[in-house]
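Per-entry structural report
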Amino acid sequence: MQHLGLNHRGYAGETIDIQAVLRDGLQAAHRHGWETEPIVVSPELSLLTFHRSGSRPSQRVYLSTGIHGDEPAGPLAMRQLLQENRWPGKAELWLCPCLNPTGFPLNRRENAQGQDLNRDYRQLQTPEVRAHTTWLARQPAFDLTILLHEDWEARGFYLYELNPDRQPSLAETMVAAVAPVCPIDPSPLIEGRSAQGGIIRPDLNPATRPQWPEAFYLVQTKSRLSYTLEAPSDFPLATRVGALVAAVHAALNALCARA
Ligand SMILES: [Zn+2]
């Protein structure tokens, strides 16, 4: 599969109408019996959330995306997952389909005020992240959290695993499911961290870091197993969406099969 060669100094690929994508997702959620709850950020802005109990739930799973407004594959993957509605019965699910709705119309990583929301989960200076963490605090602990992203510099799909208690990993399962759909980044060093077969297991303590991405907040307060999936933006959008969807299905099925 060939690189598109579009991205220099940032993402220059296709953009999406985020409100249309969210409307489609909301329709599918209603059709398939999800509960929806808006997180009110301000009189003008709220964030969608979806919740589904499952037929015999034993695993609590949280999925989020759309925190970077120049990463369209995540919200599209979430829409596809909602439309396909193929969830394991053992999974109770919470979904945040777009955490940065003001960034997408600008095709920009940050929100409309220029703040990178995915660096604000320790300081809580932005209204979006304050509202999101207030909502998260009301939810139970999650067995698994998966955050859907893209990386415009990546040579292929890769993921970060935060797994401080060394639980059985889902990383290899996800990479194996993505490989037929999308190239895996083979680099031994990705974003300055050692990687192996597209898997980064950063050895770090969030408590010592001044800026927290969403994943650090989750692993400190809500979940001891968190994956950040990075689809490579220089490949076709359908490939990136397919990669994220395949990884989520693989992780959920593996988690529920061993539960
Ligand atoms: Zn991102």
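Above this note sits the structure.
Figured I'd write up the structure that's included with this text. Note that the coordinates shown come from a computational prediction; the quantities given were computed from them, not determined experimentally.

**Things to note about the overall build of the protein**
In terms of helices and strands, the protein carries six helices and ten strands. Taking 259 residues into account, the globule formula puts the C-alpha radius of gyration at 18 Å, and the protein, at 17 Å, falls close to it. Dimensions along the principal axes, computed over C-alpha positions, put the protein at roughly 45 × 40 × 40 Å. Across the 259 residues of the protein, 56% fall into the buried class. For the protein, the proportion of contacts with a sequence separation of at least 24, taken over those separated by at least 6, is 78%. Carbon and sulfur atoms make up 48% of the accessible area of the protein, which amounts to about 11,100 Å² in all.

**Side note on the packing of aromatic side chains**
Counted according to the given criterion, the structure contains six aromatic pairs. For the pair W34 and F50, a centre-to-centre distance of 6.4 Å together with 70° between the ring planes defines the contact as edge-to-face. Of this pair, W34 sits in the loop between α1 (18–31) and β1 (35–42) while F50 sits in strand β2 (residues 45–52), placing them 16 residues apart in sequence. Overall, the relative accessible area of 1% leaves F50 in the buried class. Residues Y158 and Y160 carry aromatic rings whose centres are separated by 5.8 Å and whose planes lie at 70° to one another, so their mutual orientation is edge-to-face. Judged on exposure class, the residue Y158 and its partner Y160 are both buried.

**Side note on the coordination of the zinc ion**
Binding of the zinc ion to the protein goes through H68 (ND1), E71 (OE), E71 (OE) and H149 (ND1), at separations of 2.1 to 2.4 Å. With four donor atoms in place around the zinc ion and angles of 58 to 151° between them, the coordination shape is irregular. In primary-sequence terms, the residues that donate to the zinc ion follow H-x2-E-x77-H. Across the pair, E71 and H68 agree in class, each one buried.

**Quick notes on the side chain of H149**
Inspection of the secondary structure puts H149 in strand β5 (residues 144–151). Accessibility expressed as a relative area gives 4% for H149, which makes it buried. Reaching out from H149, the side chain makes a polar contact with the side chain of H68 at a distance of 3.4 Å. Sequence-distant contacts of H149, defined by excluding residues within four places in its chain, comprise I67, H68, E71, N118, T228, L229, E230, A231 and L244.

**Looking at the sheet that holds β5**
Each strand in a sheet pairs with its neighbour through backbone hydrogen bonds, running either in the same direction (parallel) or in the opposite one (antiparallel). Strand order in the open sheet formed by ten strands is β1-β2-β4-β3-β5-β10-β6-β9-β8-β7, with mixed pairing between adjacent strands. At either margin of the open sheet sits one strand with a lone partner, and together these are β1 and β7 (189–190). By the bridge criterion, seven bridges tie β1 to β2 in an arrangement that is antiparallel. From the neighbouring strand, T36 faces β2, where its bridge partner is F50. Where helix α2 (residues 73–84) meets the sheet, it contacts β2, β3 (59–65), β4 (91–96) and β5, and its direction lies at approximately 135° from that of β3. Those strands touched by helix α4 (residues 171–178) are β6 (158–162), β9 (199–200) and β10 (226–232), and its axis lies near 165° from that of β6.

**Considerations on the side chain of D120**
Inspection of the secondary structure puts D120 in the loop between β4 and α3 (127–137). It turns out D120 is buried and unbridged, and the closest side chain with the opposite charge, R130, is 6.2 Å from it. A distance of 2.8 Å separates the side chain of D120 from the backbone nitrogen of Q125, its partner in a polar contact. In this structure, D120 is in contact with Q125, T126, V129 and W212, ignoring residues within four places of it in sequence.

Calculation rules
Throughout, residues of each chain are indexed from 1 in the direction in which the sequence is written. Only residues with pLDDT of at least 70 are given local features in this predicted model, and only at 80 or more are side-chain atom pairs given and counted; all residues enter the totals for whole chains, interfaces and linings. Calculated side-chain values reflect all of the structure's heavy atoms, with hydrogen atoms and water omitted. Each helix corresponds to a stretch of at least 4 residues labelled H or I by DSSP, and each strand to a stretch of at least 2 residues labelled E; elements are numbered beginning at the N terminus. To get the radius of gyration, use the C-alpha atoms; to get the globule rule, take the number of residues to the power 0.38 and multiply by 2.2 Å. Each residue is placed in one exposure class: buried if its accessible area under a 1.4 Å probe, protein chains only, is under 20% of its type's maximum, exposed if it is over 50%, and partly exposed if it falls in between. Any two residues having at least one pair of non-hydrogen atoms within 4.5 Å are treated as being in contact. Residue-level accessible areas treat just the shown protein chains as cover; the underlying method is Shrake-Rupley with a 1.4 Å probe. Pairing of aromatic side chains requires ring centres within 6.5 Å, counting the rings of Phe and Tyr and the six-membered ring of Trp. Pairs whose planes differ by under 30 degrees are stacked, by over 60 edge-to-face, and all others tilted. Here a donor is an N, O or S atom found within 2.8 Å of the metal, or within 3.2 Å if the metal is Na, K or Ca; sites may look incomplete because water is not among the atoms. By the criteria applied here, four donors are tetrahedral when all angles lie between 85 and 135 degrees, four are square planar and six octahedral when opposite donors are over 155 degrees apart and every other angle lies between 65 and 115, and any other arrangement is irregular. Polar contact criterion, stated in full: a pair of N or O atoms within 3.5 Å, where within protein one must be able to donate a hydrogen and the other to accept it, and residues adjacent in sequence count only if both atoms are side-chain atoms. Two strands pair under a simple rule: DSSP has to find at least two bridges between them. Only the stretch in contact is used when a helix axis is fitted, and all axes are lines through C-alpha atoms; the angle between N-to-C directions ranges over 0 to 180 degrees. Two residue types count as positive, namely Lys and Arg, and two as negative, namely Asp and Glu; His and chain ends fall outside the count. Any Lys or Arg side-chain nitrogen found within 4 Å of a carboxyl oxygen on Asp or Glu counts as a salt bridge.

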